[in-house]
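Working through the structure, step by step
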Amino acid sequence: MSAAPRRRARRSLILSGLMVTVGVTALGVCVGLLGGGPSWPVTAALALGPLLLGIGAGFSAPARRASTLVLVGASAWAGLAVAVCAGLITMLLVFGRLPIGAQRVLVNPALIAMLVVATLAGPLGRRAGHSARSALNGGQRSPDELLADFAERAGRGTPVDDLLRRLAESMRRDWRLSSVQIWTGEADGPGLARTLVVPQPLHSPAPEPAPLQGDELSTLERAGVAGPGWLRLWLPRLLPGPLGTGHDTRQLRLAPAVHGGRVLALVIIERALDADTFTAADERALAEVAHRLAIVLRNRALDEALQATLADLRRSNAELQASRTRLVNAADAERRRIERDLHDGAQQHLVALAVGLRLVRDGLQDVAPGGDTDDAAQGGDGSAAEANLELLDELDHGVRESIQALRDLAHGIYPPLLRDAGLGEALRAAARRSPLAVSVQVGGLRRHPEQTEAAVYFCCLEALQNSAKHAAGSTVTVTLEETAEELRFAVADTGPGYDVGGMAAGAGLQNMADRLGAIGGSIELRSAAGEGTRVTGRVPLGAATLRPSAAVTGLVTIPVDPRRAGGADSASNGSTMAI
């Protein structure tokens, strides 16, 4: 329940308590003046109780949902209190004075009797009226009662087929009809087909009449309540018996259920010729039945369309989240493949080359000078060997640096440490490679599905790269923690920060939002000039398993100050939140 309906419900509950309080107070005052009832402190406590209860009930969700019923009940109680007070005042007028002596003993019994009378008057009166109408109509319900029952069943969400059958049976029984036909819209067409006939014929049924379509529906739309004369002129095929005989064997009335310029249903009622003739009241009741039937059918059609739309949205939502998950999984799989290819291919070749260079260097170093005793010649050979050794040392150093750079590249694409040791160790290794002073704080972290750990790791890595690029010389704190419901991380630096009021989303935060959004998580950026930057993320535990009912909403982006953008692909150029 949103804020405005919640406030209205609380006001209704408080008003209900106030009405009951006023009623109790009025009764207490009237009875007290007559010398009866409880003492004044007890009366005050009884009067304040409903008001306090109404105020307290405003904080209860079930009570707020029932606030309308509570207000109706409180109004009924207020009316009862007014009636009882009027009875007590009448008793006082009959006495002509305040009761004295033994007369005061009669006040409390009189109060109880008035409460009983006021409580039973309404139900007994309605029951008596119903009995009188039933006796007058031969034990059958009036049109108003039938319409009230129809509205009640429709409000309870009774299925349309059951609702139509109950309506037809009730009309036939209570209106003393020989048969009732109801035509409704076809499931796969714009026409009207006969849905049911009450009672069903005992003999072999005649072929179903053709649906009403086109010009016939246009004619019905303007018909209102019509009889056999109208039918003979405009729609003779709906007349019972042989067409064109002119001998009507029964009375007939029809009424189309029209809503929004469209005929949604048709009600045809028949009565034997020797039965009571249809009156103007019967026709008005039939018109009201058709009107309410049109509203019910229209509401049901809207409800079915809404449910179908919601089902489509849920399916699209599930497909969208599944698509995002597949994209992220494909990207991670490609990262792992590239890491393996680099490790098993280029890196192994470089290692073999480094080993070969080391062997050549060691072999040259072990070669003794030749047998020539000329010092100049020996000196020349020694200088050449030393030069070769230095060159090999440089080549060996270059190869080792290439191996290390390639290893760092492979680890950056997908670190094996993340798969083997988990988030904490992988982020500590990334912190050691960062040019900033980075501390990693991990509190009671367990292992999670590979998709979840990869999403959190690369989001933290992206945030560290942003800090290194835009907050040089600052310190960074990476925090990882989990609760029973979610896994949380935060990357905060002590850099200069910036005003996010004019930021534009960059690719970095967009990628982070996509990664976490694929597993149901969210990302948030907070920064202010002089206060550093903090990136926080949340991932519901178990979110790696796709949940078709989970909502995937759009991204909220904040434009960036172009003076701090540093490039269109800057990872920290935006604040993005996936909700």
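Residues numbered from 1 in each chain as written. Predicted model: local features only at pLDDT ≥ 70, side-chain atom pairs only at ≥ 80, totals over all residues. Heavy atoms only, no water.

**Points about the overall build of the protein**
Heads up, the rule is: Elements are defined by DSSP. Helices are runs of H or I of four residues or more, strands are runs of E of two residues or more, and each kind is numbered from the N terminus. Contacts are residue-level and defined by heavy atoms, with any inter-residue pair within 4.5 Å sufficient. Where accessible areas are quoted, they stem from the Shrake-Rupley method and a 1.4 Å probe; at the residue level, only the protein chains shown are allowed to cover.
From N to C terminus, the protein includes 16 helices and eleven strands. Long-range contacts, defined as pairs at least 24 residues apart, comprise 71% of the intrachain contacts of the protein with a sequence gap of at least 6. Accessible surface, the protein as shown: approximately 31,600 Å² in total, 60% of it carbon and sulfur.

**A short note on the confidence of the model for the protein**
Applicable threshold: Confidence scores here are pLDDT values: one per residue, from the predictor, ranging 0 to 100.
Per-residue pLDDT for the protein averages 76, and the proportion of residues at 70 or more is 77%. Every residue in residues 371–378 scores below 50 in pLDDT, and together they form four contacts with partners more than four places removed in sequence or on other chains. Confidence drops under pLDDT 50 across residues 543–579; counting only partners more than four residues distant or on other chains, this segment forms 105 contacts.

**Description of the nonpolar core**
Cut-off, in case you're wondering: Put simply, a nonpolar core is a bunch of buried Ala, Val, Leu, Ile, Met, Phe, Trp, Tyr and Cys residues held in one set by side-chain atoms that sit within 4.5 Å of each other. Three labels apply to residues, based on accessible area from a 1.4 Å probe with only protein chains included: buried if under 20% of the type maximum, exposed if over 50%, partly exposed otherwise in between.
One finds Tyr 457 and Val 478 to be the most contacted residues of the largest nonpolar core, which totals 36 residues. Listing elements by their share of this core, those giving two or more residues are helix H13 (423–433), strand S5 (437–443), helix H14 (450–470), strand S6 (475–482), strand S7 (486–493), helix H15 (507–517), strand S8 (522–527) and strand S9 (533–540). No other element matches H14, which puts ten residues into this core. The residues contacting Val 478, other than those within four sequence positions of it, are Leu 427, Val 438, Ser 439, Val 440, Gln 441, Cys 460, Leu 464, Ala 490 and Val 491. Core analysis: the second largest hydrophobic core is formed by 28 residues, Leu 146, Ala 265, Leu 286 and Ala 290 among them.

**A short note on the sheet that holds strand S3 (residues 250–259)**
In plain terms, the rule: Any two strands between which DSSP finds at least two bridges are classified as paired. Whenever a helix is involved, its axis is fitted only over the stretch in contact; in every case the axis is a line through C-alpha atoms, and angles between N-to-C directions fall within 0 to 180 degrees.
Taking strand neighbours across the sheet as the criterion, the four strands line up as S2-S1-S4-S3 in an open arrangement whose pairing is antiparallel. In this open sheet, the two edge strands, each paired with only one partner strand, are strand S2 (192–198) and S3. On average, each strand axis in the sheet is tilted by 20° relative to the strand beside it, whichever way the strands run. Bridge count between S3 and strand S4 (residues 262–272): ten bridges; the pairing is antiparallel. Across the sheet, residue Arg 250 finds its bridge partner in S4, namely Ala 272.

**Focus on the sheet that holds S5**
Two pairing modes exist for strands in a sheet, parallel and antiparallel, and in both the strands are linked by backbone hydrogen bonds. Spatial ordering of the open sheet is given by S5-S6-S7-S9-S8, a layout of five strands whose pairing is mixed. At either end of the open sheet lies a strand with only one pairing partner, and these are S5 and S8. Across the sheet, the mean angle separating the axes of adjacent strands is 10° when strand polarity is ignored. Two elements, S6 and S7, share seven bridges in a ladder whose sense is antiparallel. Residue pairing in the sheet places Val 478 in a bridge with Val 491 of S7. Against the sheet, H13 makes contact with S5, S6 and S7, and its axis sits at roughly 175° relative to S5, the strand it touches most. Sitting on the sheet, H14 is in contact with S5, S6, S7 and S9, with an inclination near 10° to S7.

**Description of the pattern of salt bridges**
Condition: In the sections that follow, a salt bridge refers to a side-chain nitrogen of Lys or Arg positioned within 4 Å of a carboxyl oxygen of Asp or Glu.
Across all of its chains, the model carries 16 salt bridges by this definition. Here Asp 162 and Arg 166 are joined by a salt bridge, their closest N and O atoms 3.2 Å apart. Separated by four residues within a single helix, Asp 162 and Arg 166 lie in helix H7 (residues 160–174), roughly one turn from each other. Since its relative accessible area comes to 31%, Asp 162 is described here as partly exposed. In this structure Arg 166 comes out as partly exposed when scored by relative accessible area, which is 34%. Among the ionic pairs, Glu 481 bridges to Arg 488, the shortest N-O distance being 3.5 Å.

**Some points on the packing of H13 against H14**
The line we're drawing: In what follows, roughly perpendicular refers to angles from 65 to 115 degrees, roughly parallel to angles under 35, roughly antiparallel to angles over 145, and oblique to any angle outside these ranges. Each helix crossing is assigned a hand: it is left-handed if the near helix lies turned anticlockwise from the far helix by less than a right angle, otherwise right-handed if that turn is clockwise.
Where H13 contacts H14, the two axes come as close as 11 Å, and the packing angle between them is 20°. In terms of their interaxial angle, H13 and H14 are classed as roughly parallel. Here H13 and H14 pass one another in a crossing that is right-handed. Packed against H13, whose contacting residues are Leu 423, Ala 426, Leu 427, Ala 430 and Arg 433, the element H14 presents Glu 453, Val 456, Tyr 457, Cys 460 and Leu 461 at the interface.

**Comments concerning the pairing of S4**
S4 sits mainly inside the fold: nine of its eleven residues count as buried. Alignment of strand S1 (residues 179–185) against S4, held across six bridges, turns out to be antiparallel. From the neighbouring strand, Ile 182 faces S4, where its bridge partner is Val 267. Here S3 folds back onto S4 in antiparallel fashion, the turn holding two residues, of which Gly 260 has a positive phi close to 65°.

**Examining unusual backbone geometry**
Following Val 198, the chain continues to Pro 199 via a peptide bond in cis, the omega torsion being 0°. Structurally, the position occupied by Pro 199 is in the loop between S2 and helix H8 (215–221). Positive phi values are uncommon outside glycine, yet Arg 176 reaches one of about 55°. Tracing the chain through its elements places Arg 176 in the loop between H7 and S1. Of the residues examined, Arg 176 reaches a relative accessible area of 42% and is grouped as partly exposed.

**As for a nonpolar patch on the surface**
Our working definition: Nonpolar side chains (Val, Leu, Ile, Met, Phe, Trp, Tyr) within 5 Å and like charges within 9 Å form the patches, drawn only from residues with over 30% relative accessible area and no salt bridge.
On the surface, a cluster of nonpolar side chains totalling about 510 Å² of accessible area is made up of Ile 14, Leu 48, Leu 52, Ile 55 and Phe 59. Top contributing element to the nonpolar patch by residue count: helix H2 (residues 40–57), with three residues. Among the secondary structure elements, Leu 52 is positioned in helix H2. Leu 52 sits in the exposed class, given a relative accessible area of 59%.

**Some details on H2**
As a reminder of what qualifies: Residue count minus one, scaled by 1.5 Å, sets the expected span of a helix.
Compared with an ideal rise of 1.5 Å per residue, which puts 18 residues at 26 Å, H2 spans 26 Å between its outermost C-alpha atoms and is within 8% of the ideal. By the burial criterion, the buried members of H2 are Thr 43, Ala 47, Pro 50, Gly 54 and Ala 57.

**Considering the environment of Leu 461**
You can see Leu 461 is positioned in helix H14. The class for Leu 461 is buried, based on a relative accessible area of 13%. Between the alpha carbons of Leu 461 and Ala 431 there is a distance of 8.9 Å; along the sequence they are 30 residues apart.

**Details of the environment of Ser 75**
Counting through the fold element by element, Ser 75 comes out in helix H4 (residues 67–95). By relative accessible area, which is 36% here, Ser 75 ends up partly exposed. In this structure the C-alpha to C-alpha distance between Ser 75 and Val 20, which are 55 residues apart in sequence, comes to 8.0 Å.

**Some thoughts on the side chain of Thr 21**
The condition that has to hold: N or O atoms closer than or at 3.5 Å make up a polar contact, with two conditions inside protein: a donor-capable atom paired with an acceptor-capable one, and, for residues adjacent in sequence, both atoms drawn from side chains.
Within the fold, Thr 21 resides in helix H1 (residues 3–33). A relative accessible area of 9% means that Thr 21 is categorised as buried. A polar side-chain atom of Thr 21 sits 2.8 Å from the main-chain carbonyl oxygen of Gly 17. Polar side-chain contacts of Thr 21 include one of 2.7 Å to the backbone oxygen of Ala 47. Here Thr 21 is in contact with Ala 47, Pro 50 and Leu 51, once residues within four sequence places are set aside.

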